[in-house]
Amino acid sequence: MGLVIKNAIVVNADKIASKPQDILLDKGKIAKIGGSFDGKSHEVIDAAGKLVFPGLIDMHVHFREPGREDKETIETGSRAAAKGGFTTVLCMPNTTPVIDNCMIVESIIEEARRVGLCNVIPIGAITRGQKDDELVDMFELKRAGCVALSDDGKSVVNSHLMRRAMEYSKMVGLLLIEHCQDPLLSCGGVMNEGINSMRLGLKGDPGVSESVIVGRDIEMAQYLDARVHLAHMSLKRSVELIRFAKSQGIKVTAEACPHHFTLTDDAVKHFDTHAKVNPPLRTKEDIEAIKMALKDGTIDCIVTDHAPHTAEEKELDFDHAPFGMIGLETSVGLTITELVEQRILTWPQMAEKMSQKSAEILGLASKGWIKEGMDADVTIIDPNEAWEVRKDDIASKSQNTPFIGRQLKGKVVTTILAGKVVYSTTPGVITSGVK
Amino acid sequence: MEWTKRHLLDLEGLSQEEIELILETAKSFKEVSTRDVKKVPALRGKTIVMLFFEPSTRTRTSFELAAKRLSADTINIAAGGTSTTKGESVLDTARNIEAMNVDLIIVRHASSGVPHLLAKNLQASIVNAGDGCRSHPTQALLDMFTIKERFGRIEGLNVGIVGDILHSRVARSNIIGLTKLGANVTVCGPSTLMPRDIETMGVKCSYRLEEVIEQSDCLMLLRLQLERQTQKFLPSIREYAKEFGVNKAKLAKAKKGIVIMHPGPTNRGVELSAEVADGEYSVILDQVTNGVAIRMAVLYLLLGAKEPAVVLA
């Protein structure tokens, strides 16, 4: 028995369907698009008035397991992902211990399978223990299930080591994801360096700490003919460098987060630690540059950098509160409200930025499209539903987001993973358990 | 005008009238400290806690004397020796103190925004005694009081603030307060210790001390934090002292009656020479004296004492 999505307006990266169709999901795959299916032999979901996207992919989340299960676990993170419309997420390796060996990779994959709400693909560290000293065993990590490596949370500062990482990962076939931030320049900064940091007396992180690493990695990728993916771009200058690199045919890709195209460092004005994030919230000019870069393809995908923290930690003074905010459950709403509604992205571009392009960058060949034969990962979105972000509705274990109280348009109504409904707002639809 | 504020967190939140009310109130209180019996009963029965997470001698003593001369009960907590070293958060520490029915907490902390964090979460009144590089409102108020005492006005005066502007909460608070009261402020210091975009705070910026000395009615020198040398802001203390230190020779071209101020503690031989610190232009000790009066005024206004200050004094 399969699952039929009736009256689906399919949104793929190349186009939005002109008329509704029925889609049959069977044996974990998209079996057939178009035609009519027998409602008696299949379970049926009616998607009339909704948009049907390829299952969304977020290639940048922090699930905190192992080590900080008080903030998030693979289970609670998977619930947040399913509720946010994500069928595949890539979790960053800055856990305790660091994801730098096959044992941890395998244990995460196994736990995610047991939970069964979301594909969770661990990202391995680039350097052992993220210590910027020696490379991880890349072949081993690849065999264990990794598709990408990152020292996220910090840059690979040692340029020589980064060169070797690029050369070696190219041979192995793993994507390198760089967190761009020169620590000698950011030098303990807790927010964007600018007028606000000056007035608040908070230590500023100058944007140039990001762009110098962007520049370095682009130059290295050019020299080695290697690939590099740049994480959470926050800055106009970074975008300009990437645009130039792409125009030269250099193999660089990049991602941006909803908070970096939504909020400026004004959000920090009253010492709101929920707006303390790394890289920091920047300026209006940077926001506009990020939006344009998403529109023209300079930035390839939207990620959340979902970074859960406990309320106790976020209650610390600004200097000592940890960086980061959760994002899985607000990403679709913010993208639609800030980009699609504002005519910056079209619906197909949203499918590209939130699914297809990430699949392509990561080499996930059976994901990213609503096409026959692809994995039956599907996200159904009501483009018109207006809603408010409420603390009580958050599925993640942590509630650290500056978006509480924000009005958004566009909501995930159903998430389907490998042909099974894992999240639905429709009463009566049987799901695997996310409220 | 009537005082309505519950906290003193910074000068940004105060109107020009409110600043002037504090200065006026302090005038009445200054006389109390010269009496034989240096005490008025204005805050009898009130409990004031001084919660200092950073070392301080002058400011803490000044606040304590101010509170005692108003008859409040005071407790001093030097937070090096409290639970914060055991991992308790600032807010937890403050909540515990407040639970003992405290009326007002005077807080100093190395992190900007801590007084705001407490004000947002506690019932007690909060007075900022210095937070990070952000704000030190009572210092700026006592500086303005001292200037006004000397010149009879603040409006139209040229005030130069010299030194490490980047890390100075005294500079930030004075910039905000002085510009609100109509002074022309010029900041001066090495470019590495000057915040980007400082002009957006309504001040002029100069790297030439001689030029600033020539035009100033009042020169406010800041303490150079020598421990910051490790962070490569300056080639050497020696060069700083030569270029940005004030000595008698450099004051030769100053306006007659120029006033030299310093929030203390001074590095003699660095930001100013001993002869200047102790010389005729220096009002450094007046600042200290006035600090008590200003803090009496602030505590008095915040704790909503009913009788007018003038009657008490």
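All chains use their own residue numbering, which begins from 1 and follows the written sequence. Just so you know, chain letters begin at A and ligand numbers begin at 1, following the order they were written in. Residues qualify for local features only when their pLDDT is at least 70, as the model is predicted, and side-chain atom pairs are given and counted only at 80 or more; totals for whole chains, interfaces and linings, by contrast, use all residues. Only hydrogens and water are removed before side-chain values are computed, so all heavy atoms of the structure are retained for them.

Undergrad: Hey, could you go over the overall build of chain A for me, with residue numbers and the actual values?
TA: Tallying secondary structure elements over chain A gives 12 helices and 18 strands in all. Against the compact-globule benchmark of 22 Å for 435 residues, chain A has a radius of gyration of 21 Å, which places it among compact chains. Referenced to the eigenvectors of the C-alpha coordinate spread, the extents of chain A come out at roughly 65 × 50 × 40 Å. Looking at chain A residue by residue over its 435 residues, the buried ones come to 62%. The long-range fraction of contacts in chain A, counting pairs at least 24 apart against all pairs at least 6 apart in sequence, stands at 74%. Here chain A displays about 16,200 Å² of accessible surface, and carbon together with sulfur accounts for 51% of that area. Computing the positive centroid from 52 side-chain charges and the negative centroid from 61, chain A places the two 4 Å apart. Only DSSP runs of H or I with at least four residues qualify as helices, and only runs of E with at least two residues qualify as strands; both kinds are numbered from the N terminus onward. C-alpha atoms define the radius of gyration, and 2.2 Å times the number of residues to the power 0.38 defines the globule rule. We call a residue buried when its accessible area falls under 20% of the maximum for its residue type, exposed when it is over 50%, and partly exposed in between, using a 1.4 Å probe and counting protein chains only. Contacts: residue pairs with any heavy atoms within 4.5 Å of one another. Each accessible area value is a Shrake-Rupley result obtained with a 1.4 Å probe; residue values ignore everything except the protein chains displayed when judging cover. Charge assignment in this entry is limited to Lys and Arg as positive and Asp and Glu as negative, and neither His nor the chain termini are counted. Lys charges are placed at NZ, Arg charges at CZ, Asp charges at CG and Glu charges at CD.

Undergrad: Summarise the nonpolar core; cite the residues concerned and give the values.
TA: Definition used in this section: a nonpolar core is a set of buried Ala, Val, Leu, Ile, Met, Phe, Trp, Tyr and Cys residues joined via side-chain atoms within 4.5 Å. Core analysis: the largest hydrophobic core is formed by 82 residues, its most contacted members being Phe53, Val89, Met166, Leu230, Ile299 and Met350 of chain A. No other element matches helix H2 (residues 102–115) of chain A, which puts 7 residues into this core. Residue ranges for the domains originate in an automatic or database domain assignment. Composition of this core by domain shows at least three residues from each of domain 1 (2–52 + 376–424) and domain 2 (55–362) of chain A. Listed in part, the 68 residues of the second largest apolar core include Ala26, Leu181, Val187 and Ile198 of chain B.

Undergrad: Please set out a nonpolar patch on the surface residue by residue, giving values where relevant.
TA: A residue counts toward a patch only above 30% relative accessible area and without a salt bridge, and it is joined to like-charged neighbours within 9 Å or, for Val, Leu, Ile, Met, Phe, Trp and Tyr, to nonpolar neighbours within 5 Å. Every case where a carboxyl oxygen of Asp or Glu lies within 4 Å of a side-chain nitrogen of Lys or Arg is listed as a salt bridge. Residues Phe139, Tyr168 and Met171 of chain A make up a contiguous nonpolar surface patch of about 280 Å² in total accessible area. In this structure, methionine 171 of chain A sits in helix H4 (residues 159–172).

Undergrad: Go over the domain arrangement of chain B, please, and point to the residues and values.
TA: Residue and element names in this part refer to chain B. Each assigned domain of chain B is listed here: domain 1 (16–135 + 288–312) and domain 2 (137–283). On a C-alpha basis, the centroid separation for the pair domain 1 and domain 2 is 26 Å. Counting residues at the interface gives 26 residues for domain 1 and 22 residues for domain 2. In this description, buried area is defined as the sum, over both parts, of the accessible area (probe of 1.4 Å) that is lost when the two are combined. Of the roughly 1,900 Å² buried where domain 1 meets domain 2, counting both sides, 63% is carbon and sulfur surface. When the buried surface of domain 1 facing domain 2 is broken down by residue, Ile19, Leu23 and Cys133 rank first, second and third, together holding 28% of it.

Undergrad: An account of the sheet that holds strand S14 (residues 252–256) of chain A is requested, with residue identities and associated values reported.
TA: Two pairing modes exist for strands in a sheet, parallel and antiparallel, and in both the strands are linked by backbone hydrogen bonds. All names here are of chain A. Two strands pair if DSSP finds at least two bridges between them. Pairing is parallel in the open sheet, where 5 strands are placed in the order S9-S10-S13-S14-S15. Edge strands, defined here as strands with exactly one partner in the open sheet, are strand S9 (148–150) and strand S15 (301–302). Bridge analysis of strand S13 (residues 228–230) against S14 gives 3 bridges, and the strand direction is parallel. Counted as the bridge partner of leucine 230 is alanine 254 from S14.

Undergrad: An account of unusual backbone geometry is needed here, citing residue identities and associated values.
TA: All names here are of chain A. Residue proline 66 is reached from glutamate 65 by a cis peptide bond, and omega for that bond is 10 degrees. By secondary structure assignment, the location of proline 66 is in the loop between strand S6 (56–61) and helix H1 (74–84). Omega for the peptide link from threonine 96 to proline 97 comes to -5 degrees, which places this bond in the cis form. If you trace the backbone, proline 97 turns up in the loop between strand S7 (86–91) and H2. At aspartate 225, a position not held by glycine, the phi torsion is positive, near 50 degrees. By secondary structure assignment, the location of aspartate 225 is in the loop between helix H7 (208–224) and S13.

Undergrad: Before we move on, can you summarise the interface of chain A and chain B with the specific residues and values?
TA: Each partner contributes residues to the interface: chain A has 16 residues there, and chain B has 23 residues. Note on chain A versus chain B: buried area summed over both sides is about 1,600 Å², and carbon and sulfur give 54% of it. Counting the surface chain A buries against chain B, the share from its top three residues, Met198, Arg199 and Glu315 of chain A, is 40%. If you look at where chain A meets chain B, you find 3 salt bridges. Glutamate 315 of chain A is the salt-bridge partner of arginine 95 of chain B, the closest N and O atoms lying 3.3 Å from each other. Two N or O atoms count as a polar contact when they lie within 3.5 Å, although within protein this holds only if one can serve as hydrogen donor and the other as acceptor, and sequence-adjacent residues are included solely when both atoms are side-chain atoms. At the junction of chain A with chain B, the criterion picks out 7 residue pairs in polar contact (both at pLDDT 80 or more). Polar here means any residue other than Ala, Val, Leu, Ile, Met, Phe, Trp, Tyr, Cys and Pro, which are nonpolar, and Asp, Glu, Lys and Arg, which are charged; Gly is therefore polar. Taken together, the residues of the side of chain A that touches chain B sort by class into 7 nonpolar, 4 polar and 5 charged.

Undergrad: An account of the sheet that holds strand S9 (residues 259–261) of chain B is requested, with residue identities and associated values reported.
TA: All names here are of chain B. Strand order in the open sheet made by the 5 strands is S7-S6-S5-S8-S9, with parallel pairing throughout. Looking at which strands have only one partner, the edges of the open sheet turn out to be strand S7 (204–206) and S9. The sheet shows a mean angle of 20 degrees between the axes of neighbouring strands, taken without regard to direction. Where helices are involved, their axes are fitted lines through C-alpha atoms of the stretch in contact, as for all axes, and angles between N-to-C directions lie from 0 to 180°. Sitting on the sheet, helix H5 (residues 137–151) is in contact with strand S8 (218–221) and S9, with an inclination near 165 degrees to S9.

Undergrad: Give me the lowdown on the packing of H5 of chain B against helix H10 (residues 284–302) of chain B, citing residues and values where you can.
TA: Residues and elements named next belong to chain B. At a minimum axis separation of 8 Å, H5 and H10 run at an interaxial angle of 115 degrees. Crossing of H5 against H10: the hand is right-handed. Contact with H5, carried on its side by Thr138, Gln139, Leu141, Leu142, Asp143, Phe145, Thr146, Glu149 and Arg150, involves Asp286, Gln287, Asn290, Gly291, Ile294, Arg295 and Val298 of H10 and no other residues of that element. Left-handed is the label given to a crossing in which the near helix is rotated counterclockwise from the far helix by less than a right angle, and right-handed is the label when the rotation is clockwise.

Undergrad: I'd love a proper account of H1 of chain A, names of residues and values included.
TA: Residue and element names in this part refer to chain A. Among the 11 residues that make up H1, 9 are buried, leaving the element largely enclosed by the rest of the structure. Those residues of H1 that sit buried are Ile74, Thr76, Gly77, Ser78, Ala80, Ala81, Ala82, Lys83 and Gly84. The first or second residue beyond H1 is glycine 85, which carries a positive phi of 95 degrees.

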